[in-house]
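Coordinate analysis (summary)
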2 protein chains.
Amino acid sequence: MLIDPNADIEITAFEWVPSFAQGQVRDLRPRWACEEYGIAYEVRLISALERPEWYYDEQPWGQVPYVRDGQWGLFESGAILVHLAERVGVLPPPTLQARADILSWLFAAFSSVEPFIQEFVNCTVFNRKEEWAKLRLPSLEQVVDKRLERLQQALGEKEWLAGEFSIADIAMVSVLRPIKDAAQFQERPALWDYVARAEGRPAFARALEAQLAVFAQHEPAPQTAR
Amino acid sequence: MLIDPNADIEITAFEWVPSFAQGQVRDLRPRWACEEYGIAYEVRLISALERPEWYYDEQPWGQVPYVRDGQWGLFESGAILVHLAERVGVLPPPTLQARADILSWLFAAFSSVEPFIQEFVNCTVFNRKEEWAKLRLPSLEQVVDKRLERLQQALGEKEWLAGEFSIADIAMVSVLRPIKDAAQFQERPALWDYVARAEGRPAFARALEAQLAVFAQHEPAPQTAR
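Reading the values: rules and limits
Residues numbered from 1 in each chain as written. Chains lettered and ligands numbered in written order. Predicted model: local features only at pLDDT ≥ 70, side-chain atom pairs only at ≥ 80, totals over all residues. Heavy atoms only, no water. Helix = DSSP H or I, 4+ residues; strand = E, 2+ residues; numbered from the N terminus. Rg over C-alpha atoms; globule rule 2.2 N^0.38 Å. Buried < 20%, exposed > 50% of the residue type's maximum accessible area, 1.4 Å probe, protein only. Contact = heavy atoms within 4.5 Å. Bend = angle between axes of the 7 residues up to and from the residue. Axes fitted to C-alpha atoms, helices over the stretch in contact; angles between N-to-C directions. Parallel < 35°, antiparallel > 145°, perpendicular 65-115°, else oblique. Nonpolar A, V, L, I, M, F, W, Y, C, P; charged D, E, K, R; others polar. Buried area = accessible area lost by both parts, 1.4 Å probe. Salt bridge = Lys/Arg side-chain N within 4 Å of Asp/Glu carboxyl O. Polar contact = N/O pair within 3.5 Å; in protein donor to acceptor, adjacent residues only side chain to side chain. pLDDT = per-residue confidence, 0-100.

**Side note on the overall build of chain A**
Each helix and strand in chain A was counted, giving nine helices and four strands. Here the C-alpha atoms of chain A give a radius of gyration of 18 Å, agreeing with the 17 Å that 2.2 N^0.38 yields for 226 residues. Considering only C-alpha atoms, chain A reaches an extent of 55 × 45 × 30 Å along its principal axes. Scored against the burial criterion, the 226 residues of chain A give a buried share of 55%. Relative to all contacts within chain A whose residues are 6 or more apart in sequence, the contacts with residues 24 or more apart total 70%.

Put into structure tokens, the structure is as follows:
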């Protein structure tokens, strides 16, 4: 792991979240990119349950990640991924189709895939007992299904979305992971293989391990009944 | 208007949409950027009602805009805005906070604001008669409300989100426009002023006029009863 208290890059993460969210919190994205590209980083922890008011000055929604690079900072996973890739020179120049493909798929992950998956998780996990969620689900399942089908078609026989493994894959795999167990996903072996291929990368494993280690360290004491 | 049949930039747009969608279709975003930055462009029209199957090879969701620049192409509004800004050199270099701010707010518009607004429009327009939409609306209104409040706070006294007017403003104003009439929006005069300021720009007016002109030209003949 590339965690170094003197690193220029500082990733803000939550000190603890409930077990269902562990391994899904979005600081995993810049951690993964840092591990892929050999960028040392340090971590600043904030409480997820009581988010400090000052944090909204840095990250307008109070979410993670927020990333500082030396004196200045960025928010939104997509912007952070672009910055980290530019920092190590792995983003092709603006004159190449490869860059256009990476940017197109990066925005596609966050603008055209994640919103539907997020609402799907909203309906099947967070609000699954709400009447609206039960009634909403059938039409939403159709939308998710159609989008995954188009994504699988676009991936085709390719190993990664835009040539070499890139920040577009970090983005797309991150937004797909929360629905790995859903039928719409399981029925698409090419997408399944794509996510498994990405999760099999050593850099992903190190990033995941680093996130989970923080949560283990900050696990609240169990309420003992005696 | 900068429409030129010999331009390198080609924006794919719909030839006609029903009146409630006119002025909101997303080819407005690259049209606006082209008008702001003095980039000549041509337009390729496809049918919104019967989208050609070949188009999915270029734009995986069958949506507009898709933009070609000479031999190669991009999809997703965000990627296209980055490309157009890079093309004319108005995106600051990666070493400056100004670039970080533009990228952060650009992704914020498409990843953290638009998804909620889209679902809000889903509930209040497209599916307003569905039971799930009526039941979903109260909690969704709260989410939209909170996000607009945070956005208004982040904007503060600033004229634009990231220093000078930028692609981040083109993005944010474009995603806010569909809810201009909603109470959550009307109650926030600073946001209202921000959108009005952007819509008051001559480049916006030219882009809107260009989109509407296409629809007027392709208006289906009224079905006469005789």
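There's plenty left to go through after this.
**Side note on helix α3 (residues 97-126) of chain B**
A maximum bend of about 45° is found in α3 of chain B at Glu114 of chain B, where proline Pro115 of chain B lies one to four positions downstream. Within α3 of chain B, 22 of the 30 residues are buried, which leaves the element mostly enclosed by the surrounding structure.

**Quick notes on the packing of helix α1 (residues 28-37) of chain B against helix α2 (residues 77-87) of chain B**
All names here are of chain B. Two elements in contact, α1 and α2, have axes separated by 10 Å at closest approach and are oriented at 10°. Compared by their axis directions, α1 and α2 come out roughly parallel. Along its contact with α1, which presents Arg29, Pro30, Ala33 and Cys34, the element α2 presents Ser77, Ile80, Leu81 and Leu84. Its residues placed into classes, the contact of α1 with α2 shows six nonpolar, one polar and one charged.

**Section: the interface of chain A and chain B**
Between chain A and chain B, the residue contacts involve 43 residues of the former and 43 residues of the latter. Summing both sides of the interface, chain A and chain B together bury roughly 3,800 Å²; the carbon and sulfur share of this comes to 62%. Taken as a group, Trp61, Phe107 and Arg150 of chain A account for 19% of the area that chain A buries against chain B, more than any other trio of residues on that side. Counting every contact that joins chain A to chain B gives six salt bridges. Two residues, Arg150 of chain A and Glu53 of chain B, come together in a salt bridge whose shortest N-O distance is 3.3 Å. There are 14 residue pairs in polar contact (both at pLDDT 80 or more) connecting chain A and chain B.

**So, the confidence of the model for chain A**
Overall, the prediction assigns chain A a mean pLDDT of 95, with 98% of residues at 70 or greater. Prediction confidence for the complex, expressed as pTM and ipTM, is 0.95 and 0.95 respectively.

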